[in-house]
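Observations on chain architecture
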4 protein chains.
Amino acid sequence: MSRSSVFPVQVQFGDCDPAGIVFFPNFSRWMDAASLHFFMSCGIPPWRELVKTTGIVGTPLLEIHTKFFKPATYGETIEVHTSIAEWRDKVFIQRHEVRRGADLLCEGLETRAFVVRPEGHPDRIKAIPIPADIKARCA
Amino acid sequence: MSRSSVFPVQVQFGDCDPAGIVFFPNFSRWMDAASLHFFMSCGIPPWRELVKTTGIVGTPLLEIHTKFFKPATYGETIEVHTSIAEWRDKVFIQRHEVRRGADLLCEGLETRAFVVRPEGHPDRIKAIPIPADIKARCA
Amino acid sequence: MSRSSVFPVQVQFGDCDPAGIVFFPNFSRWMDAASLHFFMSCGIPPWRELVKTTGIVGTPLLEIHTKFFKPATYGETIEVHTSIAEWRDKVFIQRHEVRRGADLLCEGLETRAFVVRPEGHPDRIKAIPIPADIKARCA
Amino acid sequence: MSRSSVFPVQVQFGDCDPAGIVFFPNFSRWMDAASLHFFMSCGIPPWRELVKTTGIVGTPLLEIHTKFFKPATYGETIEVHTSIAEWRDKVFIQRHEVRRGADLLCEGLETRAFVVRPEGHPDRIKAIPIPADIKARCA
């Protein structure tokens, strides 16, 4: 079985909209935080450290697919459960389940790539093959 | 051909992350704004007005599926082009294309429902069949 | 000595801007969360519960005054230390110190009021005198 | 009389909180956008361009002081009117008035500095004297 991590979130008043429930882009924000949390829990340094040794500046999204089952509101504590669903050559798919106790609130698949800034193009980013050592640490 | 709307966005410094590009949940935020903008451009009042006559409190998301093709950064003006891809009984699918000039930056499908607060349950929401008059206005 | 509460925050990648440091409105967001956290730690229910018995819908801001001393970045854990600096008739001043270990990162004073929706005006809010029981619980 | 700029904002559903009004940190977000908009309207390039010729990476906040007079809600268009209230040696004070038509919604003073990354310390930032050419363009 593969590694997984749990990222707790305390839902805030300001995370909720006039309908009184979490404004959905915040779930994407928390899944993004959970994505980095997953890597850090596997011993990978934060991007601003990693960039110095590997040139990697982050893992931007190529695709997200999220299903929302139940709303959440402020004052609640929820958890993002994160694992790697699939490693491909240049991309990987991260799976996030957001739970409140036994309830599954939403479920998201993220397709991401490790990116560097190409030499001579500090304004651009490009995907690199998944680094073997990172993959090994997260297996 | 069906109706469509164009929602312009000026990307701000604070919308961007340490990689210097738009932090992706902001695209979801702008698509959400473009969703409401679409309905208002069809002559539907904002939810806080609509609730008084119809009980409708909004159109929360059931599912989002977004593909990211190119990044954007601050100082740029981008546009969200929005239309209805499909009407079903209780849900509808909105399609958003985010463009910078001729460039397609990202593309999102949102599955949404019109919801009301069930009588006696002011804390809950439930989906209702797509109101015929709203559908007619948006066709 | 008066009550105080501590609200921990794990700074996320998406909380930071292209300069690599926390985008400052997030400090206001965390102080707002810390404000509610303070009241809940004093035994006050969340606003959506309180509204049912008291009509109180929240404690919107009248004024904020924040000084920023040191930046923070993602991967760091910081704490918001919150107390009531002053109770007046219809407003109160909350004081927040954001710390990373021994470092004081920023310091904010918030002037807030408890508000209700006036009868017959569900779209408006107005300040009420500080409820004595709330004040007593927070002393 | 000094220069001023006007930055329009269309308030979105997701900018509002469960009380149905703008979540206040968004006003700080819009003032920040208006701050950069002011400089760009004076002919200053965006920071990611300016950094290449001057090393300047932005104008982080040292202090904000905002008074909130009236709430705003989604579907409304508001304007941030921005000017320089004072230039000092290493800091300047920007003044923002947020208006909806003739109504003054809130008023903010921001104390900011131009910062660079000190040589050999790419992780740190430090304030520099206000560049004379930038000051001249904004006068």
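**Notes on the overall build of chain A**
When its secondary structure is counted, chain A shows three helices and eight strands. Relative to the 2.2 N^0.38 estimate, which gives 14 Å for 139 residues, the radius of gyration of chain A is 16 Å and therefore close to what a compact globule would have. Considering only C-alpha atoms, chain A reaches an extent of 50 × 35 × 25 Å along its principal axes. Taking all 139 residues of chain A together, the buried fraction comes to 54%. Considering chain A, the positive charge centre built from 17 side chains and the negative charge centre built from 16 side chains are found 4 Å apart.

**Notes on the packing of helix H1 (residues 25-41) of chain A against helix H1 (residues 25-41) of chain B**
The description of two packed helices rests on the angle between their axes and on the distance between the axes. Two numbers describe how H1 of chain A lies on H1 of chain B: the axes approach to 8 Å, and their chain directions differ by 175 degrees. Relative to H1 of chain B, the element H1 of chain A is oriented roughly antiparallel. The segment H1 of chain A lies against H1 of chain B, with Pro 25, Ser 28 and Arg 29 of chain A engaging Pro 25, Ser 28 and Arg 29 of chain B. Across the contact of H1 of chain A with H1 of chain B, the residue classes tally to two nonpolar, two polar and two charged.

**Quick notes on the packing of aromatic side chains**
Taken as a whole and assessed by the stated rule, the structure comprises 48 aromatic pairs over all chains. Arranged with centres 5.3 Å apart and planes meeting at 35 degrees, the rings of Phe 92 of chain C and Phe 114 of chain C form a pair that is tilted. Here Phe 92 of chain C is found in strand S5 (residues 92-100), whereas its partner Phe 114 of chain C is found in the loop between strand S6 (103-112) and strand S7 (115-116), with 22 residues between them in sequence. Neither Phe 92 of chain C nor Phe 114 of chain C differs from the other in exposure class; each is buried. Counting every residue linked through ring pairs, the aromatic cluster contains Phe 38, Phe 39, Trp 47, Trp 87, Phe 92 and Phe 114 of chain A. The ring centre of Tyr 74 of chain A lies 4.8 Å from the NZ or CZ of Arg 48 of chain C, which sits over that ring.

**Here we look at the sheet that holds S7 of chain C**
Sheet strands pair by backbone hydrogen bonding; their relative direction is either parallel or antiparallel. Residues and elements named next belong to chain C. Within the open sheet, the three strands sit side by side as S2-S7-S8. Their pairing is antiparallel. The outermost strands of the open sheet, each flanked by one partner alone, are strand S2 (56-58) and strand S8 (126-127). For S2 and S7, the ladder comprises two bridges, and the chain directions are antiparallel. The residue bridging Ile 56 from the neighbouring strand is Val 116, located in S7.

**Some details on the interface of chain A and chain B**
Listed by partner, the interface residues are 20 residues for chain A and 20 residues for chain B. Of all residues in chain A, the largest losses of buried area upon contact with chain B belong to Phe 24, Ile 64 and Phe 68 of chain A, amounting jointly to 28% of the total for that side. Across the contact surface, chain A and chain B share zero salt bridges. For the pair chain A and chain B, the interface holds nine residue pairs in polar contact (both at pLDDT 80 or more).

**Points about the interface of chain B and chain C**
Chain B puts 11 residues into the contact, and the matching count from chain C is 11 residues. Of the roughly 900 Å² buried between chain B and chain C on both sides combined, carbon and sulfur atoms contribute 69%. At the boundary of chain B and chain C, one finds zero salt bridges. Across the contact surface, chain B and chain C share zero residue pairs in polar contact (both at pLDDT 80 or more). Here the side of chain B that touches chain C is built from residues that sort into six nonpolar, two polar and three charged.

**Let's talk about the sheet that holds strand S2 (residues 56-58) of chain B**
Residue and element names in this part refer to chain B. Read from one edge of the open sheet, three strands run S2-S7-S8, paired in antiparallel fashion. The sheet is open, and its two borders are formed by S2 and strand S8 (126-127), each paired with just one other strand. Where strand S7 (residues 115-116) meets S8, two bridges bridge the pair, whose relative direction is antiparallel. Across the sheet, Val 116 pairs through a bridge with Lys 126, a residue of S8. The strands touched by helix H2 (residues 47-54) within the sheet are S2 and S7, with S2 carrying the most contacts at an inclination of about 155 degrees.

**Observations concerning the environment of Phe 68 of chain C**
Here Phe 68 of chain C is to be found in strand S3 (residues 61-68). With 49 residues separating them along the chain, Phe 68 of chain C and Ala 19 of chain C place their C-alpha atoms 15 Å apart. Once residues lying within four places of it in the same chain are set aside, the contact partners of Phe 68 of chain C are Phe 24, Phe 27, Leu 105 and Cys 106 of chain C together with Leu 61, Leu 62, Glu 63 and Ile 64 of chain D.

**Points about the confidence of the model for chain A**
Confidence in the prediction of chain A, expressed as mean pLDDT, is 93, and 99% of residues score 70 or more. With pTM at 0.92, the complex prediction returns an ipTM value of 0.90.

**Some points on the relation of the copies chain B and chain C**
The transform that puts chain B on chain C rotates by 180 degrees and translates by 0.0 Å along the axis, for an RMSD of 0.0 Å. Within this description, the copies of the chain are treated as partners about a two-fold rotation axis. A share of 100% of interface residues in chain B that are also interface residues in chain C marks the association as one of identical surfaces.

**With respect to the relation of the copies chain A and chain B**
By a simple turn and slide, chain A fits onto chain B: the slide is 0.0 Å along the axis, the RMSD is 0.0 Å, and the turn is 180 degrees. A high fraction, 100%, of the interface residues of chain A reappear at the interface in chain B, so the copies pair face to face through one surface.

**Here's the deal with the pattern of salt bridges**
Applying the stated criterion across every chain yields a total of 44 salt bridges over all chains. Residue Glu 76 of chain A is joined to Arg 100 of chain A by a salt bridge in which the shortest nitrogen-to-oxygen separation is 2.9 Å. Here Arg 100 of chain A lies in strand S5 (residues 92-100) and Glu 76 of chain A lies in the loop between strand S3 (61-68) and strand S4 (77-87), a separation of 24 residues in the sequence. Residue class for Arg 100 of chain A comes out partly exposed when judged on its relative accessible area of 21%. With a closest N to O distance of 3.6 Å, Arg 100 of chain C and Asp 103 of chain C form a salt bridge. A cluster of three or more residues bridged by salt bridges with shared partners is formed by Lys 70, Glu 76, Arg 100 and Asp 103 of chain A.

**Focus: the pairing of strand S4 (residues 77-87) of chain C**
Residues and elements named next belong to chain C. In this structure, strand S1 (residues 4-10) lies alongside S4, joined through seven bridges in antiparallel fashion. Across the sheet, the residue bridging to Ser 4 is Ser 83, located in S4. Across eight bridges, the pairing between S4 and S5 is antiparallel. Among the inter-strand pairings, His 81 is bridged to a residue of S5, identified as Glu 97. Two successive antiparallel strands, S4 and S5, enclose a turn made up of four residues.

Reading guide: rules and limits
- Residues numbered from 1 in each chain as written.
- Chains lettered and ligands numbered in written order.
- Predicted model: local features only at pLDDT ≥ 70, side-chain atom pairs only at ≥ 80, totals over all residues.
- Heavy atoms only, no water.
- Helix = DSSP H or I, 4+ residues; strand = E, 2+ residues; numbered from the N terminus.
- Rg over C-alpha atoms; globule rule 2.2 N^0.38 Å.
- Buried < 20%, exposed > 50% of the residue type's maximum accessible area, 1.4 Å probe, protein only.
- Lys, Arg positive; Asp, Glu negative; His and termini not counted.
- Charge placed at Lys NZ, Arg CZ, Asp CG, Glu CD.
- Axes fitted to C-alpha atoms, helices over the stretch in contact; angles between N-to-C directions.
- Parallel < 35°, antiparallel > 145°, perpendicular 65-115°, else oblique.
- Contact = heavy atoms within 4.5 Å.
- Nonpolar A, V, L, I, M, F, W, Y, C, P; charged D, E, K, R; others polar.
- Phe/Tyr/Trp six-rings, centres within 6.5 Å; stacked < 30°, edge-to-face > 60°.
- Lys NZ or Arg CZ within 6 Å of the ring centre and 35° of its normal.
- Pairing = 2+ DSSP bridges.
- Buried area = accessible area lost by both parts, 1.4 Å probe.
- Salt bridge = Lys/Arg side-chain N within 4 Å of Asp/Glu carboxyl O.
- Polar contact = N/O pair within 3.5 Å; in protein donor to acceptor, adjacent residues only side chain to side chain.
- pLDDT = per-residue confidence, 0-100.
- Least-squares fit on C-alpha atoms with pLDDT ≥ 70 in both.

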